[in-house]
Amino acid sequence: MSGKPKVGIFGFTGCGGCQLEILDAEDKLVDLASAVDIVHFTEAITEHSDDYEIALVEGSISTNHDVERIKKIGSIAKIIVAIGACACTGGLNCLKNLYGVEKAKELVYGDKKDWIDAIETRPIDEYVKVDYYARGCPPNRFEILQIVKALILGKKPEIPNYPVCVECKRLGNTCVYDLGMTCMGPIARAGCEARCPSNGSGCEACRGVIDEPNVNAQKDLLAERGLTVEDIMEQFNLYNACKKLV
Amino acid sequence: MANTFSINVESVSRVEGHGDLVLDVKNKKIEKLQFRIPESPRFFEAMLVGRNWDEASHITSRICGICSVAHTSASVKATEKALGIQVSEQTIKLRKLVYHHENIQSNALHVYFLAAPDFFGVGSVFPLIETNPEIVNIALRVKKMANDMVRIIGGRAVHPIRIVVGGFTKLPTTKEMEDMRNMLISAYPDLEKTLEVLKTVRIPEFERETEYISLANDYEYALYEGNIKSTDGWEINDQDYLSKINEKVVQHSTGKHCWASRDSYMVGALSRFNNNYDKLSDNAKKYASELGLKAPSYNPFMNNIAQFVEIVHCVDDSIRLIDELLEEGLDEDKKMADIKIREGRGVGVVEAPRGLLIHDYTYDNDGKISKANLIIPTNQNYANIERDMEALVPTVIEKSEDEIRLACEMLIRAYDPCISCSTHFLNVKLTNKE
């Protein structure tokens, strides 16, 4: 048995896109496989084990069964990395909470709703201690690999804590506000290389907000265009309905 | 082999396809056979209510990370239909192009990463890095090519940014189009090598004729648009899907079951192949013939081969589309259509990699969704998977429990029910009742 760190990759309620992002790191996948022992990877490997030090967790907690499983992972793993918006903030799944769980069950499953195990959607850190967050929908695969690399080397991964606007400026993007769109860029957490603004679309803060957001700057920006925070709350709550803005 | 036994394949929870297999056999007769789906329900039909017309595709893209282009496409088509938006020919061609690329990506992921380990008798692609490095490198190259191309047109490989209601937020450059053409051309040697490997693979001999449903049209191998067509002899406009497609809630599955002319039907690559074989590229037909795949095929295990044949077709047809778009020149003025809000209902139907995908939205006067109905490919296959297993198990009943279990798992995997489904049959609990 080698001394390589044992890593488990786990999926909860979500789309599977985060685990796919890891598989999409084609060029680095072989390196990753040689640097760690992946003992549990739900989307790619048949064999699995409950002996792991690092857990990479995707998806939000939205059933009683999810709660049991995440607690078990919390009792085994020494380090937990939340991957993607669903794990980090509850993500888009939290829109269900806004609609109401019971109402949602009835709408989708009708008179068979009692067969369905569903609770209010929550991010994983409401049930276990999360050491690092690889945010975004989807997350940035290079960031996931960087975090894993830092953990292998015993270093603290560096996660950006500045707004998306900084990345847009660095990339020389035209501000999407000047293109007539709204954007969460002034307060949204960067680390995505401003992917949406770079592709002609407003930022939806899928990586959540920075730790000390300059909400006033965002308000000023909106006010210049005759908008209020409430106007863009809908846009913000796409990925952050479980978290309060400020 | 004991006459009476019970097989419980319990999967670890997964993201978009947690499935368990329950099989009880008594005196060589099946007492109970269920493909259970305890996957966490997501409630997208509720999440969509009250959301804006321009958010629907962002939300529904998140149904599936593997086929987010398909969900985005079905979604924008439904909204465009509801709001009466006419997109440009250029937009349709670009959407068909990126659609091909996702189909290549998704089919490659399944054929190379999930089904191939079965062919080599191992549990994942990772041991193959040591034993069969050439096929692993081919797999990585084909998948990377497809992802890079989705990234070029969609702005991101998972959950595309640029595909929106009315068209695109940004167009690829001529240079990027030429780069994609070169990437596609360079894929042919890898496809040839894969063909040689697949020729050596033994596909289980099992047949059960069922109803095969897919899109179909007169002018192409339908993936992005068409009528809904069945091998049971009917063809309907996509807006009228409710006249044939039925859904019901069953207790052992959070995914609803579907039926049309019979108690089950199949969707996916094999259904498309059976309905639209004559529209495949000549090259793809040649591959099919070399791999012994003929239309109609009633062997669900051949779905993997049909997926590979589609990769070849999508590469061929992508080159054709790129040549047309390059000749016409990409026009910024055709990037976005005019959008006006109105109330109305629209249905968007596409062929996701795993089969027929239906988004049905009703909008109010303010451009907010008042009602949504979504029918997902994997749901449509659940009942058919059960019927297939009921037919398959008696043919292998004399074999060991391990072999029976593997046969059932491989059958489920052949449907490519979703990436995690297909590999999650790992926490296997097998109990002999006697």
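Residues numbered from 1 in each chain as written. Chains lettered and ligands numbered in written order. Predicted model: local features only at pLDDT ≥ 70, side-chain atom pairs only at ≥ 80, totals over all residues. Heavy atoms only, no water.

What follows deals with the overall build of chain A. On a plain count of helices and strands, chain A comes out with eleven helices and five strands. In summary, chain A has a C-alpha radius of gyration of 19 Å against a globular reference of 18 Å for 246 residues, a match within 12%. Pairs at least 24 residues apart make up 71% of the contacts formed inside chain A by residues separated by at least 6 positions. By element, 51% of the accessible surface of chain A is carried by carbon and sulfur atoms, the whole surface being about 10100 Å². Within chain A, the 36 negative side-chain charges are centred at a point lying 3 Å from the centre of the 28 positive side-chain charges. (Helix = DSSP H or I, 4+ residues; strand = E, 2+ residues; numbered from the N terminus. Rg over C-alpha atoms; globule rule 2.2 N^0.38 Å. Contact = heavy atoms within 4.5 Å. Areas by Shrake-Rupley, 256 points an atom, 1.4 Å probe, with all protein chains shown as cover. Lys, Arg positive; Asp, Glu negative; His and termini not counted. Charge placed at Lys NZ, Arg CZ, Asp CG, Glu CD.)

Entries for chain B in the domain assignment read domain 1 (5-40 + 390-432) and domain 2 (44-381). Taking only C-alpha atoms into account, the centre of domain 1 of chain B sits 27 Å from that of domain 2 of chain B. (Domains from an automatic or database assignment.)

Counting residues at the interface gives 63 residues for chain A, matched by 62 residues for chain B. Between chain A and chain B the total buried area reaches about 5400 Å² when both faces are included, carbon and sulfur atoms providing 62% of it. Between chain A and chain B we count zero salt bridges in total. One can count eleven residue pairs in polar contact (both at pLDDT 80 or more) joining chain A with chain B. Sorting the residues of the side of chain A that touches chain B by element identifies helix 1 (17-23), helix 2 (26-35), strand 2 (37-41), helix 3 (64-76), helix 5 (95-99), helix 6 (101-109), helix 9 (195-198) and helix 11 (229-240) of chain A as the ones contributing at least two each. Residues of the side of chain A that touches chain B, tallied by class, amount to 26 nonpolar, 20 polar and 17 charged. (Buried area = accessible area lost by both parts, 1.4 Å probe. Salt bridge = Lys/Arg side-chain N within 4 Å of Asp/Glu carboxyl O. Polar contact = N/O pair within 3.5 Å; in protein donor to acceptor, adjacent residues only side chain to side chain. Nonpolar A, V, L, I, M, F, W, Y, C, P; charged D, E, K, R; others polar.)

Next up on the list: the state of the cysteines. Residues and elements named next belong to chain A. One pass over the structure, following the stated rule, counts one disulfide over all chains. Paired by a disulfide, Cys94 and Cys242 hold their sulfur atoms 1.9 Å apart. As the torsion about the S-S bond is roughly -100°, the Cys94-Cys242 disulfide counts as left-handed. A residue pair is termed long-range when its members are at least 10 positions apart, and Cys94 in the loop between helix 4 (84-89) and helix 5 and Cys242 in the segment after helix 11 qualify at 148 residues. Judged on exposure class, the residue Cys94 and its partner Cys242 are both buried. Among the cysteines around Cys15, which has no disulfide bond, Cys137 carries the closest sulfur, lying 6.0 Å off. Taking relative accessible area as the criterion, Cys15 reaches 10% and is therefore assigned buried. In this structure Cys168 is a free cysteine whose sulfur lies 6.4 Å from that of Cys183, the closest cysteine sulfur available. (Disulfide = S-S within 2.5 Å. Buried < 20%, exposed > 50% of the residue type's maximum accessible area, 1.4 Å probe, protein only.)

To continue, consider the domain arrangement of chain A. All names here are of chain A. Assigned domains of chain A: these are domain 1 (6-152) and domain 2 (164-240). Between the C-alpha centres of domain 1 and domain 2 the distance comes to 26 Å. Every contact between the two is made by 13 residues of domain 1 and, on the other side, nine residues of domain 2. Counting the surface lost from both domain 1 and domain 2, the interface buries some 1000 Å², and carbon and sulfur atoms represent 50% of this. Run the count over domain 1 and domain 2 and you get one salt bridge. Inspection of the region where domain 1 meets domain 2 yields five residue pairs in polar contact (both at pLDDT 80 or more). Secondary structure elements with two or more residues in the side of domain 1 that touches domain 2: helix 4 and helix 5. The residue makeup of the side of domain 1 that touches domain 2, split by class, is seven nonpolar, four polar and two charged.

A few words now on the packing of aromatic side chains. Throughout the structure, instances matching the rule amount to eight aromatic pairs over all chains. Ring geometry for Tyr212(B) versus Tyr298(B): centroids 6.1 Å apart, planes at 20°, classification stacked. Placement of Tyr212(B) in strand 6 (residues 211-216) and of Tyr298(B) in the loop between helix 10 (282-290) and helix 11 (303-328) is noted, with a sequence separation of 86 residues between them. When the ring centre of Tyr99(A) is taken as origin, the NZ or CZ atom of Lys103(A), which lies over that ring, is 4.4 Å away. When the ring centre of Phe113(B) is taken as reference, the NZ or CZ atom of Lys143(B) above it lies at 5.9 Å. (Phe/Tyr/Trp six-rings, centres within 6.5 Å; stacked < 30°, edge-to-face > 60°. Lys NZ or Arg CZ within 6 Å of the ring centre and 35° of its normal.)

What follows is about helix 8 (residues 188-199) of chain B. Residue and element names in this part refer to chain B. End to end, helix 8 covers 16 Å across twelve residues, agreeing with the expected 16 Å (1.5 Å per residue, within 8%). Here helix 8 has its buried residues at Asp190, Leu191, Thr194, Leu195 and Leu198. Along helix 8, the residues classed as buried sweep out an arc of 145° about the axis, all on the same side. Looking at the packing, one finds that the buried side of helix 8 touches helix 4 (89-120), helix 6 (133-154), helix 10 and helix 11. (Expected span 1.5 Å × (residues − 1). Arc of directions from axis to C-beta.)

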